[in-house]
Amino acid sequence: MTIRTGILAVALASSTMLGAFSAQAADKQISWIYCGDKIDPIHEKYIKEWEGKNPGWKVAPEVVGWAQCQDKATTLAAAGTPVAMAYVGSRTLKEFAQNDLIVPVPMTDAEKKTYYPNIVDTVTFNGTQWGVPIAFSTKALYWNKDLFKQAGLDPETPPKTWAEEIAFAKQVKEKTGVAGYGLPAKTFDNTMHQFMHWVYTNNGKIIDGDKVVANSPEVLAALKAYKDITPYSVEGATAYEQNEIRAIFLDGKVAMIQAGSGAASRLKKTSINWGIAPLPLGPSAKGQGTLLITDSLAVFKGSGVEDKAIEFAKFITSPGPQGEYELQGDAGLTPLRPSPQVDAFVAKDPYWKPLIDGITYGGPEPLFTDYKGFQNVIIAMVQSVVTGQAEPEAALKKAAADLEQYK
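Here the structure is a predicted model, which is why all the values come from computation and not from measurement.

### A look at the packing of aromatic side chains
Working step 1: Enumeration over the complete set of coordinates arrives at 18 aromatic pairs.
Working step 2: Note on phenylalanine 125 and tryptophan 130: the rings are 5.6 Å apart at their centroids and 20° apart in plane angle, and the pair reads as stacked. Of the two residues, phenylalanine 125 and tryptophan 130, neither departs from the other in class, the shared state being buried.
Working step 3: Where phenylalanine 368 meets phenylalanine 374, the ring centres are 4.6 Å apart and the plane angle is 5°; that geometry is what we call stacked. Just as phenylalanine 368 is buried, phenylalanine 374 falls in that class too.
Working step 4: Of the aromatic side chains, those joined through ring pairs into one cluster are Trp162, Tyr181, Phe195, Trp198 and Tyr226.
Working step 5: A cation over a ring is seen here: lysine 94 above phenylalanine 125, with NZ or CZ 5.9 Å from the ring centre.
Working step 6: The residue whose ring lies beneath arginine 337 is tyrosine 115, and the NZ or CZ to ring-centre distance is 4.2 Å.

See the structure below:
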């Protein structure tokens, strides 16, 4: 597969500018497209430390907004003027690798063992690692205890299974008139993410290597559960993405949602009586699960400093710097590795435990050669079921067939 024509056109049209960018790069400089509004102070500290240990080398981050940073890295690489390293969604690594734009970043067995289970899978295909995880998120179930109590439910007992979750949502809706569950189905990437949390809480998979395995009893059960909970969810699910659903929860207008650590940090500042628990399990679950979403540092081919960029990428994401980066502040990121530092963090803020417990049986974002194509197929499938335009069996069969072109 080749990079989309539109991206190549942009790259070629920008060749003069990109050539200038490349000419400015020193032989001993690691250029880094850094996503965000500014460089994190912890990263600044460890960049200086690494430079001190590597005389003559300089790390040159270029801060680019979240909406543009990945496209910029892709455009530069497609034009033949790549940066050494870029912050990317791990979901794109297969596409970059298939287009020969990045180099492998293999991990030793010792390196792999430092991570929580399944984390390395988020950057692996064909047995090779193509990036180094730098940010990680998981989801848990949040519930409004006051709405549970108003509905006659035990406010201290969240649902543990899908069947209970659907039954509780129904009871809340019927007893209080408030939505029992917040199901997002907008044409937005996190609609796919939210569905994958259900897939991974039922031991399901979408792709296994290069084989599409979506049309399975485990995934079908997840889609049927979506159909069953929709009547008790926020009305007009296709109008909402997960952050908009979270806002409704923060307003006290929905009883249950699945969300990450950001919801907890916001809820602490409200008067809502809330709880957090592991995601409810489907009938085929082997244990607590969740979708494991990582962002990674990808090392681009052709910069001339690939080996040194790999060395720096592994340093900046090693246990010390990474642990300090991900556990800072009130919200933080789900930690990539277990450590005494993480244990202390969880002891201080127990709401982190459910966000970590789901990792063991969690699964990665499915790696497709055309990630956006995959994403759009899943969104269309979900929307067809929650709007009643298709039954789960037919919707899943169609989606599985459509995914073949993107694997």
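Next, the rest of the story.
### So, the pairing of strand S10 (residues 256-259)
Working step 1: The alternating pattern of S10 places Met256 and Gln258 and Ile257 and Ala259 on opposite faces, both of which are buried.
Working step 2: Two elements, strand S7 (residues 140-144) and S10, share four bridges in a ladder whose sense is antiparallel. Counterpart to tryptophan 143 in the pairing with S10 is methionine 256.

### Let's talk about the domain arrangement of the protein chain
Working step 1: Domain assignment breaks the protein chain into domain 1 (28-137 + 292-364) and domain 2 (140-289 + 368-404).
Working step 2: Just the C-alpha atoms count here: the centres of domain 1 and domain 2 sit 28 Å apart.
Working step 3: Taken together, the contact between domain 1 and domain 2 spans 20 residues of the former and 23 residues of the latter.
Working step 4: Considering only the side of domain 1, the residues that lose the most area to domain 2 are Arg91, Tyr351 and Tyr361, jointly responsible for 31% of the buried surface there.
Working step 5: Across the pair lysine 268 and aspartate 349 runs a salt bridge, and its minimum N-O distance is 3.0 Å.
Working step 6: The interface formed by domain 1 and domain 2 includes five residue pairs in polar contact (both at pLDDT 80 or more).
Working step 7: Within the residue set of the side of domain 1 that touches domain 2, elements represented by two or more residues are helix H5 (93-98), helix H16 (352-357) and strand S13 (363-364).
Working step 8: No other element matches the four residues that H16 contributes to the side of domain 1 that touches domain 2.
Working step 9: Looking at the side of domain 1 that touches domain 2 residue by residue, the class counts come to eight nonpolar, six polar and six charged.

### Considerations on the state of the cysteines
Here a disulfide denotes a covalent bond joining the sulfur atom of one cysteine to the sulfur atom of another.
Working step 1: Within the structure shown, the criterion is met by one disulfide.
Working step 2: Residue cysteine 35 pairs covalently with cysteine 69 via a disulfide, S to S 2.1 Å. The chirality of the disulfide connecting cysteine 35 with cysteine 69 is right-handed, given an S-S dihedral of about 95°. Of the two residues, cysteine 35 sits in strand S1 (residues 29-35) while cysteine 69 sits in helix H4 (residues 66-78), which places them 34 residues apart along the sequence.

### Regarding helix H10 (residues 217-229)
Working step 1: In this model, H10 (13 residues) spans 18 Å end to end at C-alpha, consistent with the 18 Å of a helix rising 1.5 Å per residue.
Working step 2: Every buried residue of H10 is listed here: Val219, Leu220, Ala222, Leu223, Ala225, Tyr226 and Ile229.
Working step 3: Check the buried side of H10 and you find it contacts helix H8 (162-176), helix H9 (189-200), helix H17 (371-386) and helix H18 (392-403).

### Here's the deal with the sheet that holds S10
Working step 1: Read from one edge to the other, the open sheet built from three strands follows the order S10-S7-S11, with strand pairing classed as antiparallel. What marks the edges here is a single partner per strand, and that holds for S10 and strand S11 (274-277). Within the sheet, the average angular offset between the axes of one strand and its neighbour, ignoring direction, is 25°.
Working step 2: Bridge count for S7 against S11 is four bridges, and the pairing is antiparallel. If you follow tryptophan 143 over to S11, its bridge partner there is glycine 275.
Working step 3: Helix H11 (residues 242-250) contacts S7 and S10 of the sheet and is inclined by roughly 135° relative to S10.

### Notes on the environment of phenylalanine 368
Working step 1: Along the polypeptide, phenylalanine 368 turns up in the loop between S13 and H17.
Working step 2: Since its relative accessible area comes to 0%, phenylalanine 368 is described here as buried.
Working step 3: Residues within four places of phenylalanine 368 in sequence aside, it is in contact with Arg91, Lys94, Glu95, Ile206, Ile207, Val212, Phe374, Leu403, Tyr406 and Lys407.

Parameters at a glance
In this numbering scheme, every chain counts its residues from 1 along its sequence in written order. Reporting in this predicted model follows two pLDDT cut-offs: at least 70 for local features of residues, and 80 or more for side-chain atom pairs to be given and counted; totals over whole chains, interfaces and linings ignore these cut-offs and use all residues. Side-chain metrics in this entry use all non-hydrogen atoms of the structure; hydrogen atoms and water are not considered. Here is the rule: rings of Phe, Tyr and Trp (six-membered ring for Trp) pair when centre to centre is within 6.5 Å. Planes less than 30 degrees apart are stacked, more than 60 are edge-to-face, and the remainder are tilted. Accessible area is worked out with a 1.4 Å probe on protein chains only. A residue is then buried under 20% of its type maximum, exposed over 50%, and partly exposed in between. Over a ring means this: the NZ of a Lys or the CZ of an Arg is within 6 Å of the ring centre and within 35 degrees of the ring normal. To qualify as a helix, a DSSP run of H or I must reach at least 4 residues; to qualify as a strand, a run of E must reach at least 2; elements of each kind are numbered from the N terminus. Only strands that DSSP links by at least two bridges are regarded as paired with each other. Boundary definitions for the domains trace back to an automatic or database domain assignment. Here, residues are in contact when the closest pair of their heavy atoms is within 4.5 Å. In this description, buried area is defined as the sum, over both parts, of the accessible area (probe of 1.4 Å) that is lost when the two are combined. Should a side-chain nitrogen of Lys or Arg be within 4 Å of a carboxyl oxygen of Asp or Glu, the pair is scored as a salt bridge. Contacts described as polar in this section are N or O atom pairs within 3.5 Å, which, within protein, must combine one atom able to donate a hydrogen with one able to accept it, while residues neighboring in sequence count only if both atoms come from side chains. Residues are grouped as follows: Ala, Val, Leu, Ile, Met, Phe, Trp, Tyr, Cys and Pro are nonpolar; Asp, Glu, Lys and Arg are charged; every other residue, Gly included, is polar. Counting rule for disulfides: a pair of cysteine sulfur atoms within 2.5 Å. The span you would expect from a helix comes to 1.5 Å times its residue count less one. Angles here are taken between N-to-C directions and fall from 0 to 180 degrees, while the axes themselves are lines fitted to C-alpha atoms, restricted in helices to the stretch in contact.

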